[in-house]
Amino acid sequence: MPAPVLIRDADWAVVWDAPARRHAYARGMDVLLDGGRVAAIARHDPDAPVPPGAEVVDGRRLLVMPGLVNIHTHPTTEPSARGVREDHGVPEQQMSGLFERLQAFRLDQAGQAAAMRLAYAELMSAGVTSVVDLSPPFPDWLGIMRDSGLRVWAGPGYAAAHWGMSAPQTVTWMWNRENARTQFDAAKRVMKEADADPSGRLHGIVFPAQIDTVEEDMLRESIAFAGETGRPFTTHIAQAVVEVREMIRRHGITPIQWAASIGLLTPRSILGHAIFVDEHSSIGWHTATDIGLVAEHGATVAHCPSPFARYGEHLKHFGKYRARGVNMGFGTDCAPHNLIEEMRLAIILARNAVRDVAAADTGSVFHAATAGGAAALGRPDLGRLEKGAAADVVLVDLAHPLMSPPRDPLRALVFHAADRAVKRVMVGGETVFADGGPTRLDVAEAAGILAESQAKMLRDARGRDYRGRSGDEISPLSLPMH
């Protein structure tokens, strides 16, 4: 157990107002972290004794806030898409490049481990203390989670189908039902191992990969298993126009409506993206019930604005979902894994969707990135700064030029400074990020390994791509070579 930490006279603090069930600002606060919890939080008292052995942190010119909760990431693969994904899209698939990339690109295990280390360091740098990692398991996976010091929900994915393409306008579902059972059984073992980890910071989350690649019986079994074991549940749903049209072809109703009909929408369900609902302009279905169904069943939407905004789409919109009663959380679906920048983008996209500055604001997105994500994971002790909560705390440097003047420090953080002002990150009172880098996670060689693995991935794409192209042909450089 780490030594106690006393943050004295914090200039600003984001504290939890329990009666109002929301965050609030406080000035001049003393915050004591002890035993992995917030042991005390009170107005600064210069005469108060310092607990024996405690580290004293001068809180003047600091913002103290709860750690961010990231409920949707793919850190073992997405860093390999740097320089590949940003401008890539397929016009015949409503500009999404998802299906083409996943068919053509495969990252080796060395690259996955390196990508994961870099992504976890990046997550911490932007104030994340809890993360849902949705990845194909590999031997080093849980070990890197443990090394990081973060709270991690391990989501070993499983599916009965994978996507294939034979032409730009065509996606096919290649089924292997026996392999799905093997994957599901393996996922159960990995989740059990995570839950038993001596660190107490690893957990399992039930993750049938996509609503369109897992069959009904296994989806029903998955949500039942989540309930029996007390784990959260997540899947990708309404993430692509191609997927929505396929599910309507199969069932005559939207993916959200079908999920509700088979019992997948529950308070423990996290819906990855849920962008293309029935009333979305790119779907134009004849109903307008999807958002209401999500709210009615108490499910959470994991909102990840960046990947969709890159090809001209977005959830329409954050404020509407919240107004209709949907619990919202945030994720970083792709690199960069910067949750603060995702919050900023969500505000901007929501306002542009309806030309209304009130569509989303700093307070509402911060709530989603903290308390909203914590609620989705069934952990009311996370994402808030109050006595008894987990000592998952972020210290933000108010002296950073991009935080000045700190009239409203959260606005300064979200709209201006982002990760550049994050000074220190603690999980359970233990410092996991400080002085610009992780304290426990070795990233010294990760960048070089990832670069080599990405180069191999791009070369090998020729054998998987439906047109026989290399990665450089699928996603050319942004400028021609001179």
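Reading the values: the criteria
- Residues numbered from 1 in each chain as written.
- Predicted model: local features only at pLDDT ≥ 70, side-chain atom pairs only at ≥ 80, totals over all residues.
- Heavy atoms only, no water.
- Helix = DSSP H or I, 4+ residues; strand = E, 2+ residues; numbered from the N terminus.
- Rg over C-alpha atoms; globule rule 2.2 N^0.38 Å.
- Buried < 20%, exposed > 50% of the residue type's maximum accessible area, 1.4 Å probe, protein only.
- Contact = heavy atoms within 4.5 Å.
- UniProt positions renumbered as here; feature names shortened; annotations may be inferred.
- Lys, Arg positive; Asp, Glu negative; His and termini not counted.
- Salt bridge = Lys/Arg side-chain N within 4 Å of Asp/Glu carboxyl O.
- Polar contact = N/O pair within 3.5 Å; in protein donor to acceptor, adjacent residues only side chain to side chain.
- Pairing = 2+ DSSP bridges.
- Right-handed = clockwise from strand over helix to strand, strands pointing away.
- Phe/Tyr/Trp six-rings, centres within 6.5 Å; stacked < 30°, edge-to-face > 60°.
- Lys NZ or Arg CZ within 6 Å of the ring centre and 35° of its normal.

## Here we look at the overall build of the protein
Okay, so step 1: A count of helical and extended segments in the protein gives 15 helices and 19 strands.
Okay, so step 2: Computed over C-alpha atoms, the radius of gyration of the protein comes to 22 Å, within 12% of the 23 Å expected from 2.2 N^0.38 for 482 residues, which places it in the range of a compact globule.
Okay, so step 3: Across its three principal axes, the protein shows a C-alpha extent of roughly 75 × 50 × 50 Å.
Okay, so step 4: The buried share among the 482 residues of the protein stands at 59%.
Okay, so step 5: In the protein, the proportion of contacts linking residues at least 24 apart, taken out of those at least 6 apart, comes to 74%.

## Structural notes on helix H13 (residues 409-417)
Okay, so step 1: Every buried residue of H13 is listed here: Pro409, Leu410, Ala412, Leu413, Val414 and Ala417.
Okay, so step 2: The elements touched by buried residues of H13 are strand S1 (5-17), strand S2 (22-34), strand S5 (62-66), helix H11 (339-354), helix H12 (362-376) and strand S16 (393-397).

## A few points about the environment of valine 84
Okay, so step 1: Note that valine 84 resides in the loop between strand S6 (68-73) and helix H1 (98-104).
Okay, so step 2: Through-space distance from the C-alpha of valine 84 to that of arginine 101 is 9.4 Å; in sequence the pair is 17 residues apart.
Okay, so step 3: Apart from the residues within four sequence positions on either side, valine 84 is in contact with Phe105, Gln454, Leu458 and Ser475.

## Remarks on the UniProt feature "domain: Amidohydrolase-related" (unreviewed entry) in the protein
Okay, so step 1: Those places that UniProt annotates as "domain: Amidohydrolase-related" (unreviewed entry) correspond, in this numbering, to residues 63-432.
Okay, so step 2: Across residues 63-432, the secondary structure splits into 38% helix and 20% strand, with the terminal C-alpha atoms separated by 18 Å.

## Focus on the side chain of aspartate 278
Okay, so step 1: Relative to the assigned elements, aspartate 278 resides in the loop between strand S13 (269-273) and helix H8 (290-296).
Okay, so step 2: As a buried residue without a salt bridge, aspartate 278 has its nearest oppositely charged side chain in arginine 324, at a separation of 6.6 Å.
Okay, so step 3: Looking at aspartate 278, its side chain comes within polar contact range of the main-chain nitrogen of threonine 289, at 2.7 Å.
Okay, so step 4: Excluding residues within four positions of it along the chain, aspartate 278 makes contact with Thr254, Gln257, Ile283, Gly284, Trp285, Thr287, Ala288, Thr289 and Asp290.

## Focus on the pairing of strand S8 (residues 151-156)
Okay, so step 1: Burial runs high along S8: six of the six residues are buried.
Okay, so step 2: Neither face of S8 is exposed, since Arg151, Trp153 and Gly155 on one face and Val152, Ala154 and Pro156 on the opposite face are all buried.
Okay, so step 3: Sheet topology note: the strand S7 (residues 128-135)/S8 ladder contains six bridges and is parallel. Bridge pairing links aspartate 133 to alanine 154 in S8.
Okay, so step 4: A crossover links S7 with its parallel partner S8, the connecting element being helix H3 (residues 141-148), and its sense is right-handed.
Okay, so step 5: Inspection of the sheet shows S8 paired to strand S11 (residues 202-204) by three bridges, in the parallel sense. Following the sheet pairing, tryptophan 153 is matched in S11 by histidine 203.

## With respect to the packing of aromatic side chains
Okay, so step 1: Tallying each qualifying case throughout the model produces six aromatic pairs.
Okay, so step 2: Here phenylalanine 99 and tryptophan 163 contribute two aromatic rings whose centre-to-centre distance is 4.7 Å and whose plane-to-plane angle is 75°, an arrangement assigned as edge-to-face. Here phenylalanine 99, found in helix H1, pairs with tryptophan 163, found in strand S9 (residues 161-167); they are 64 residues apart in sequence, far enough to count as distant.
Okay, so step 3: Overall, the relative accessible area of 2% leaves phenylalanine 99 in the buried class.
Okay, so step 4: Accessibility expressed as a relative area gives 10% for tryptophan 163, which makes it buried.
Okay, so step 5: Every member of this aromatic cluster is reached through a ring pair, and the members are Tyr158, Phe184 and Phe225.
Okay, so step 6: Stacked on the ring of tryptophan 173, the Lys or Arg arginine 250 has its end atom at 5.5 Å from the ring centre.
Okay, so step 7: For arginine 384, the ring lying beneath its charged end belongs to tryptophan 16, and the centroid distance is 4.2 Å.

## Some remarks on the side chain of arginine 379
Okay, so step 1: Within the fold, arginine 379 resides in the loop between H12 and S16.
Okay, so step 2: For arginine 379, a relative accessible area of 18% puts it in the buried group.
Okay, so step 3: At a separation of 2.8 Å, a polar atom in the side chain of arginine 379 contacts the side chain of aspartate 381.
Okay, so step 4: Sequence-distant contacts of arginine 379, defined by excluding residues within four places in its chain, comprise Arg151, Trp153, His203 and Ala374.

## Structural notes on the environment of glutamate 178
Okay, so step 1: The topology assignment puts glutamate 178 in helix H4 (residues 177-195).
Okay, so step 2: Under the relative-accessibility criterion, glutamate 178 is labelled exposed at 68%.
Okay, so step 3: On a C-alpha basis, the gap between glutamate 178 and methionine 1 in space is 45 Å, while along the polypeptide they are 177 residues apart.

## Some details on the environment of alanine 39
Okay, so step 1: Mapped onto the fold, alanine 39 is located in strand S3 (residues 37-43).
Okay, so step 2: Residue alanine 39 is classed as partly exposed on the basis of its relative accessible area of 28%.
Okay, so step 3: Sequence separation of alanine 39 and alanine 389 is 350 residues, and the distance between their C-alpha atoms is 8.3 Å.
Okay, so step 4: Alanine 39 has contacts with Leu32, Leu33, Asp34 and Lys387, leaving out every residue within four places of it along the chain.

## Some thoughts on unusual backbone geometry
Okay, so step 1: A cis geometry characterises the amide bond from lysine 316 onward to histidine 317, with omega recorded as 0°.
Okay, so step 2: Within the secondary structure, histidine 317 sits in the loop between helix H9 (305-309) and helix H10 (318-323).
Okay, so step 3: Cis peptide bonds are those with omega within 30 degrees of zero, and the linkage from alanine 335 to proline 336 qualifies with 5°.
Okay, so step 4: Within the secondary structure layout, proline 336 lies in the loop between strand S15 (327-332) and H11.
Okay, so step 5: The residue arginine 61 is not glycine, and still its phi comes out positive at about 70°.
Okay, so step 6: Its location among the elements puts arginine 61 in the loop between strand S4 (55-58) and S5.

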